[in-house]
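So the chains spell out like this:
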Amino acid sequence: MKNLKFAALFLLALPALAQENLTYQKPPKEILDLADYERAPSVQLDTKKEYMLLSYRATYKTLDDLNQDELRLGGLRINPNTNISSTVTYITNLKVRKVKGTNDMQVSGLPENAKISNLYWSPDETKIAFSNTVANGVELYVLDVASAKAVKLTDARVNAALGNPFLWYGDGKRLLVKMLPADRAKLLDAKKDLPTGPIVSNADGTVSQNRTYQDLLKNKNDEANFETIVTSELYTVDLSGKTTLFKPAAMFAGESFSPDGTLLMLTTIHKPFSYIVPLNRFPLTTSVYDLQGKEVKKVNDVPLTEVMPKGFMAVRKGKRSMSWRNDKPATLYFVEALDEGNPYTKVDFRDELFVWDAPFTSEPVSLLKTRQRFSDVIWGDATTAMVSEGWYDTRNTKTFLINPSDSKQQPTTIFDRNEQDIYSDPGNFETVKNQYARYVLALDNGNAFLLGAGYTKDGQFPFIDQFNTKSLKKTRLYQSAYKDKKEDILSLEDFKQGIALVQVQSKTDYPNYYLRNIKKKNSLTAITAFKNPFESIKDVHKEVIKYKRKDGVDLSGTLYLPKGYDTTKKEKLPLLIWAYPAEYKDRNSAGQSSQNPNEFTFPYYGSFVYWVTRGYVVLDDASFPIIGEGETEPNDNFITQLVDDAEAAIDAVDKLGYIDRKKVAVGGHSYGAFMTANLLTHSNLFACGIARSGAYNRTLTPFGFQSEQRNYWEVPAVYNDMSPFMNASKMKTPMLLVHGEADNNPGTFTLQTERYFQALKGLGGPARMVILPKEAHGYSAKENILHLLWEQDRFLEKYLKGKTEVVDK
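Residues numbered from 1 in each chain as written. Predicted model: local features only at pLDDT ≥ 70, side-chain atom pairs only at ≥ 80, totals over all residues. Heavy atoms only, no water.

## Comments concerning the sheet that holds strand 24 (residues 365-370)
- Ordered in space as 21-22-23-24, the 4 strands form an open sheet in which the pairing is antiparallel. Looking at strand neighbours, the two that pair on one side only are strand 21 (319-324) and strand 24, the edges of this open sheet. Strand-to-strand twist across the sheet, computed as the mean angle between neighbouring axes with direction ignored, equals 20 degrees.
- Sheet analysis places strand 23 (residues 351-357) next to strand 24, joined by 5 bridges and oriented antiparallel. Counted as the bridge partner of Leu-353 is Leu-368 from strand 24. (Pairing = 2+ DSSP bridges. Helix = DSSP H or I, 4+ residues; strand = E, 2+ residues; numbered from the N terminus. Axes fitted to C-alpha atoms, helices over the stretch in contact; angles between N-to-C directions.)

Structure representation (structure tokens):
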């Protein structure tokens, strides 16, 4: 291996070097020891809290995991050899434990080199169905929970291309499974099969503003392959592995049994397909069948939806959000827009909620109309349900108590608030499984229950409230009092005894599960005991600091100081700021903080926390609000507010005496990368910056981006002024640009970074571009992540500490 000085690796140092033939590198030991850890298992508990399932997976994928055959069709990324998403993160092992026990039972019968996904508990929670991916397809297994034994039910014919490849019948003794047809068509090879003509698309003059989507169909070959990939036959598979054809081949895109298990709702995709929108806007037909496969009623027919009005509150015409009502044996509900889906149409009511009883021979019954866009409904019983509506432009959300049995009874407004105002958040209504094994509103003698995150100006104190549906009064049953720990209330398990499932963590204590008796002080029963895998940073200083922007807006961030840092001597260290801008419509909400200093310190590649071990001060998740009040939109003053946010953060840490403000770096991912590029372009606050997987030319996302609803032609100055690409000649601060080679996020095409780098290079801007092979918008392969950490470390060491290194190529 040939050694080269670190400085020679920078394009800005040696412009003649266009590329480097660099092998994968690893970060320094302090970072590698933290990054190369063993991930704790994820936990699922049955609703009776008798058993828990422990699911194990590798901390990272490997580059070989990413290096698989892939088709990108209609918004999907599919491995054509296995017919499952190429982006799945697999579970590699399963264990079962009794909630009241301490011994893990290794699940027997698992395949060698298991690649497990799609776990679904049976209605009675005695079994768990899961898929296993092998070289030539996907198999179906069933795990008996009590015995911890798994059995394979099918060979590798399961079609998991659209996810959710199977579901349990109501009796828990059979599964409905999507399987590949025996006479499946051969996939076409675009490189070998010559086209029979050009690709032609038409615009008929109708206004339609679609966002920038990835992985769309592009030609007739794509259309044929898409149809082949998503086409399935439906089979009934019993627990002995016996298969019975239920429905012949079709493009099944949704399957759902009625709560009583007597009917099945099926949704199928139809032609014509589209080259400008993904599959969820292709034509869809929904019908209800009996258990013999006979059609009871076609309940919905949705045409191709290429044309949509502008705005986040725009929806398609016709029935939408169709699903079974969880508290009834066989009743559908759905919503229809009263403004034809156009948020700019002035109407008294936006949406109407209907219910429709099987066998659907009578007309649907209207339950209520909403003045804003329908958001959600939680069914309770015959006389109780909660309906919510919202409107993005005002950030308003309302929740109503309704009587589903009496549509003439006026809804009662119980909450009317700004959805971004987290200090006023009343919490979420608790749900429980009913006799149909469906989740409904938890009710006890007319009382519902709210579980709240409990954010306040003084800290986070989660709570449980009892809400009386008659008097509409709330009673506080429990509120966490921790000031040195963080508690999350996950569920209320027993209303009468006051048993809640919670998760407790601290800065140095890994999150673990407990059963808390809220009627007894300090009554906690541990369920798990996961250890801290990051012992080397347990003694770093961590606190949430609060400060103000120059216009008085409250800001905050989580501050980390290196282990052993002397806060009295106050050595001046470099500062790293990691952030992500957020849009608000009012100053009050923008100034609220959801950060908890007692949250477990979990370093990962998505922040700068690793570098607290390398002698840096880190301000993580710094507030970067962009506010537009009244008729003003947030992005009308984006750059000014962005710079003010950054200056306030630096001032706040500098005022504490910890940093050298001439040695400050900023970084971010996605919209945070966009932020970083703009800060380096429009301010002199930073010595360098790291921008990962961002979009830098907003003319390439002309019909909106992030929270911007206006199109380019309405506000060209906003788009141009916000685009770092358009201002590339002003960027003179060293920047590390990173992007995944296979970015799948709308708007952040890899091309965005490539073209921005070309502009910077051509204009003499100091930049380095690193394209991570095979990676999508988020990074997952160990080789790439460790190399990314290495790139970032030597970049920061060079521009904040003036250090150079020797590197092996």
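Okay, back to it.
## Quick word on helix 9 (residues 782-801)
- For helix 9, spanning 20 residues, the distance from its first C-alpha to its last is 27 Å, which sits close to the expected 28 Å at 1.5 Å a residue.
- Of the residues trailing helix 9, Gly-802 is marked for its positive phi of about 70 degrees. (Expected span 1.5 Å × (residues − 1).)

## A closer look at helix 6 (residues 671-682)
- Between its terminal C-alpha atoms helix 6 stretches 16 Å, which fits the 16 Å expected from 12 residues at 1.5 Å a residue.
- Of all 12 residues in helix 6, 11 are buried; the element is thus mostly enclosed.
- Taken together, the buried positions of helix 6 are occupied by Tyr-671, Gly-672, Ala-673, Phe-674, Met-675, Thr-676, Ala-677, Asn-678, Leu-679, Leu-680 and Thr-681. (Buried < 20%, exposed > 50% of the residue type's maximum accessible area, 1.4 Å probe, protein only.)

## Quick word on the pairing of strand 35 (residues 463-468)
- Inspection of the sheet shows strand 32 (residues 447-452) paired to strand 35 by 6 bridges, in the antiparallel sense. Its bridge partner being in strand 35, Leu-450 is matched across the sheet by Asp-465.
- For strand 35 and strand 36 (residues 474-479), the ladder comprises 5 bridges, and the chain directions are antiparallel. In the strand pairing of strand 36, Asp-465 is matched with Arg-476.
- Counted along the chain from strand 35 to the antiparallel partner strand 36, the turn is 5 residues long, and its residue Leu-472 has a positive phi close to 65 degrees.

## Thoughts on the packing of aromatic side chains
- Throughout the structure, instances matching the rule amount to 40 aromatic pairs.
- Geometrically, the ring pair formed by Tyr-510 and Phe-602 is tilted, given 6.2 Å between the ring centres and 50 degrees between the ring planes. Of this pair, Tyr-510 sits in the loop between strand 38 (499-505) and strand 39 (512-517) while Phe-602 sits in the loop between helix 4 (587-590) and strand 45 (617-622), and the two are 92 residues apart along the sequence.
- On the basis of relative accessibility, which here comes to 30%, the residue Phe-602 falls in the partly exposed class.
- Judged by centre distance (6.0 Å) and plane angle (75 degrees), the rings of Tyr-604 and Tyr-605 are edge-to-face.
- What makes Tyr-604 partly exposed here is its relative accessible area of 45%.
- Looking at Tyr-605, the relative accessible area reads 16%, which means it is buried.
- By way of ring pairs, the aromatic residues Tyr-580, Phe-638, Tyr-671, Phe-674, Phe-703, Phe-705, Tyr-712, Trp-713 and Tyr-719 are connected into one cluster.
- The ring of Tyr-799 has Lys-798 lying over it, and the distance from NZ or CZ to the ring centre is 5.6 Å. (Phe/Tyr/Trp six-rings, centres within 6.5 Å; stacked < 30°, edge-to-face > 60°. Lys NZ or Arg CZ within 6 Å of the ring centre and 35° of its normal.)

## A closer look at the pattern of salt bridges
- Within the structure shown, the criterion is met by 45 salt bridges.
- Glu-125 serves as the salt-bridge partner of Lys-433, at 3.0 Å between the closest nitrogen and oxygen. Note that Lys-433 is positioned in strand 30 (residues 431-433) and Glu-125 in the loop between strand 9 (116-121) and strand 10 (127-134), a separation of 308 residues in sequence.
- Two residues, Lys-538 and Glu-535, come together in a salt bridge whose shortest N-O distance is 3.3 Å.
- Overall, Lys-538 belongs to the partly exposed group, its relative accessible area being 41%.
- Assessed through its relative accessible area of 42%, Glu-535 is described here as partly exposed.
- One salt-bridge network, held together by shared partners, links Glu-30, Arg-614, Asp-793, Glu-797, Lys-801 and Lys-803. (Salt bridge = Lys/Arg side-chain N within 4 Å of Asp/Glu carboxyl O.)

## Considerations on the side chain of Thr-228
- Following the sequence through the fold, Thr-228 ends up in helix 3 (residues 220-230).
- Looking at Thr-228, the relative accessible area reads 10%, which means it is buried.
- Setting aside its immediate chain neighbours within four residues, Thr-228 contacts Arg-184, Ala-185 and Leu-187. (Contact = heavy atoms within 4.5 Å.)

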